Amino acid sequence: MTEIRVAALVGSLRDGSYTRPACRHALDEAATYEAVETDLVDLRDVSLPVYDADDDEAGDAAELRARLRDADSIILGSPVYHGSYASALKNALDYCGFDEFEDTTVGLLCVAGGSFPTTTLDHLRAVSRALDAWVVPHQVAIPSAYRRFEAGEIVDEDVRDRVEVLGRRMVEYASIQPDPRTIESTQNVGANDR
């Protein structure tokens with residue numbers, strides 16, 4: 001079997017994040033497959049100033065892009081902030097483009113303190129599709145996260161099962177046949193800049 005690389009981009013900067021352990025759990029499940037390498041890209045450890053298109057090599061941008069470009073599939077994990085995804089994740093995605101995401105399998109995971117986290121997944125799906133990524137149908141929304149985790153571990157069986165399925169899908173669908181480019185990507189100004 002050819003080696004498969006699965007990355008998770010963690011969009012939470014909070015020390016007590018629930019997003020980070022959820023992404024780690026998905027990667028642990030992916031790693032149960034033979035010849036799978038995983039990479040937890042924790043944005044707390046990546047220096048990225050607010051994106052400026054005139055300086056897209058700032059900070060650790062080149063390293064971030066290389067790690068994502070090397071992945072066959074990527075989990076985008078985010079806390080829910082005001083009905084959408086975290087600014088840290090948005091900033092990281094702004095440093096990326098088609099080189100990192102086109103024809104790459106993407107899985108979506110969001111964590112909420114409240115009860116309705118699904119718009120975050122919709123927003124991440126739209127961004128992923130605009131970059132010509134292939135987003136798996138299975139996605140994970142974790143509402144009321146404070147009740148689902150203890151000491152950094154998932155204690156809710158249903159949530160744990162859904163996160164594990166996401167980890168498996170990242171491996172199972174890592175090698176997809178590319179579709180024709182989307183209308184979004186062909187009309188996206190700057191799409192061929194990188």
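Residues numbered from 1 in each chain as written. Predicted model: local features only at pLDDT ≥ 70, side-chain atom pairs only at ≥ 80, totals over all residues. Heavy atoms only, no water.

**Here we look at the nonpolar core**
Operational definition: Working definition of a nonpolar core: buried Ala, Val, Leu, Ile, Met, Phe, Trp, Tyr and Cys residues. They are joined through side-chain atoms within 4.5 Å. The cut-offs for exposure are 20% and 50% of the maximum accessible area for each residue type, with area from a 1.4 Å probe on protein chains only; residues under the lower value are buried, those over the upper are exposed, and the others partly exposed. Helical segments are the DSSP runs of H or I of at least four residues, strand segments are the runs of E of at least two, and each set is numbered from the N terminus.
Core analysis: the largest hydrophobic core is formed by 32 residues, its most contacted members being Leu9, Leu48, Leu64, Leu68, Leu76, Leu93 and Phe101. Going through the elements one at a time, strand E1 (4-10), helix H2 (61-69), strand E3 (73-81), helix H3 (87-94), strand E5 (105-111) and helix H5 (118-130) are the ones with two or more residues in this core. With four residues, the single largest contributor to this core is H3. Membership of the second largest hydrophobic core comes to 25 residues, among which are Leu109, Ala145, Leu166 and Val171.

**A closer look at the environment of Ser73**
Using the following cut-off: As used in this structure description, the phrase polar contact means that two N or O atoms lie within 3.5 Å; if the pair is within protein, one of them must be able to donate a hydrogen and the other to accept it, and residues adjacent in sequence are counted only when both atoms belong to side chains.
One can find Ser73 in strand E3. The buried category is assigned to Ser73, whose relative accessible area is 0%. Of the polar contacts made by the side chain of Ser73, one reaches the backbone oxygen of Met170; its length is 2.9 Å.

**What to know about the packing of aromatic side chains**
Convention followed: The aromatic pairing rule takes the rings of Phe, Tyr and Trp, using the six-membered ring of Trp, and pairs them if the centres are within 6.5 Å, calling planes under 30 degrees apart stacked, those over 60 edge-to-face and the rest tilted.
Scanning all chains against the criterion turns up three aromatic pairs. Between Tyr51 and Tyr95 the ring centres are 4.9 Å apart and the planes differ by 85°, which places this aromatic pair in the edge-to-face class. Linking Tyr51 in the loop between strand E2 (36-42) and H2 with Tyr95 in the loop between H3 and helix H4 (98-101), this pair joins segments that are 44 residues apart in sequence. Residue Tyr51 is classed as partly exposed on the basis of its relative accessible area of 25%. The exposure class of Tyr95 is buried, given its relative accessible area of 0%. Judged by centre distance (5.6 Å) and plane angle (40°), the ring pair of Trp134 and Tyr173 falls under tilted. Note that Trp134 is positioned in strand E6 (residues 134-135) and Tyr173 in the loop between helix H6 (157-172) and helix H7 (183-187), a separation of 39 residues in sequence. Residue Tyr173 is classed as partly exposed on the basis of its relative accessible area of 36%.

**Examining the pairing of E2**
Within a regular strand, the side chains alternate between the two sheet faces. Defined as follows: What makes two strands pair is DSSP finding at least two bridges between them. Convention used here: a crossover is right-handed provided that the path from the first strand, over the helix, to the second strand proceeds clockwise when the strands point away from the viewer.
With seven bridges joining them, E1 and E2 adopt parallel strand pairing. Within E2, the residue paired with Ile4 across the bridge is Val36. Handedness of the crossover joining E1 and E2 through helix H1 (residues 19-30) is recorded here as right-handed.

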